[in-house]
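Structural overview
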Amino acid sequence: MFHQIILVLLIVAILFFISFPFIKRIVLKNKFINIYGNEVKRFAKKNNLTSLNSIKLANINDEVEIDHILFGKKFIYLITDFYLDGIVTGDEESNSWIYITRFKRKASYIRNLLALGEEKISSFSLHGEIDKDVLVHISLLNSDSELKIKSENFKNSLIVKTRDLHKIIRKFESQNIKEFDKEQLEIVIEEIVGKNEKGK
């Protein structure tokens, strides 16, 4: 009887070990915006910064949606979340990129994420009345996505995997430029919160 229990437990452990990557992938696919948001929030709290989630700024002619905003000491980071379970190929000049899913090997087209980031920077700059030079857009991807992009940085538009997020932000914040005035930054944050269509 004891040997049978051990055998059953061993089989369960082996099955769990085999299926764990698939379970993890399913959870991440369904909850990635919340998971990424918590990662941004942890970084903000650890470094005494402010972050906002789910922002939509709009007027009659235009609107821009951002999943997370992180207000650094030198830059403001606009973060848009993506879960891409496969391979992405393309270059910074193409309007669309090819996305091939990992298991079904199904190919489809997605927007050029670098160009999308540049568009969001321009739109957010107008709505928020913020200098484009202090805005950085990050297309945040799951760490196991595969990128075959000729350039993963385009001006202030970047593609970053979740495992590299902290490192990239620290790199920007380490630049030898002047920090934001704290009072002025607080005013900017309050104005964005006030303009947020999703907060109404």
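In the block above lies the structure referred to throughout.
Please read all numbers here as calculations on a predicted model, not as lab measurements.

A word on the environment of Lys41
Mapped onto the fold, Lys41 is located in helix H1 (residues 2-46). Under the relative-accessibility criterion, Lys41 is labelled partly exposed at 45%. Along the backbone, Lys41 and Ser51 are 10 residues apart, and their C-alpha atoms lie at a distance of 6.2 Å. Look past the residues within four positions of Lys41 in its chain and what remains in contact with it is Ser51 and Asn53.

Here's the deal with the pairing of strand E10 (residues 157-161)
The buried fraction of E10 is high, at 5 of 5 residues. A two-sided burial pattern is seen for E10, the buried positions comprising Ser157, Ile159 and Lys161 on one face and Leu158 and Val160 on the other.

A word on the sheet that holds strand E8 (residues 146-149)
On the basis of which strands lie adjacent, the open sheet formed by 4 strands has the order E6-E5-E4-E8 and mixed pairing. Only two strands of the sheet have a single neighbouring strand rather than two, namely strand E6 (107-111) and E8. Here the strands of the sheet are splayed against their neighbours by 25° on average, with no regard to which way each runs. As defined by bridge partners, strand E5 (residues 96-101) adjoins E6 across 5 bridges and the pair is classed as antiparallel. Residue pairing in the sheet places Trp97 in a bridge with Ile110 of E6.

About the criteria used
Residues numbered from 1 in each chain as written. Predicted model: local features only at pLDDT ≥ 70, side-chain atom pairs only at ≥ 80, totals over all residues. Heavy atoms only, no water. Helix = DSSP H or I, 4+ residues; strand = E, 2+ residues; numbered from the N terminus. Buried < 20%, exposed > 50% of the residue type's maximum accessible area, 1.4 Å probe, protein only. Contact = heavy atoms within 4.5 Å. Pairing = 2+ DSSP bridges. Axes fitted to C-alpha atoms, helices over the stretch in contact; angles between N-to-C directions.

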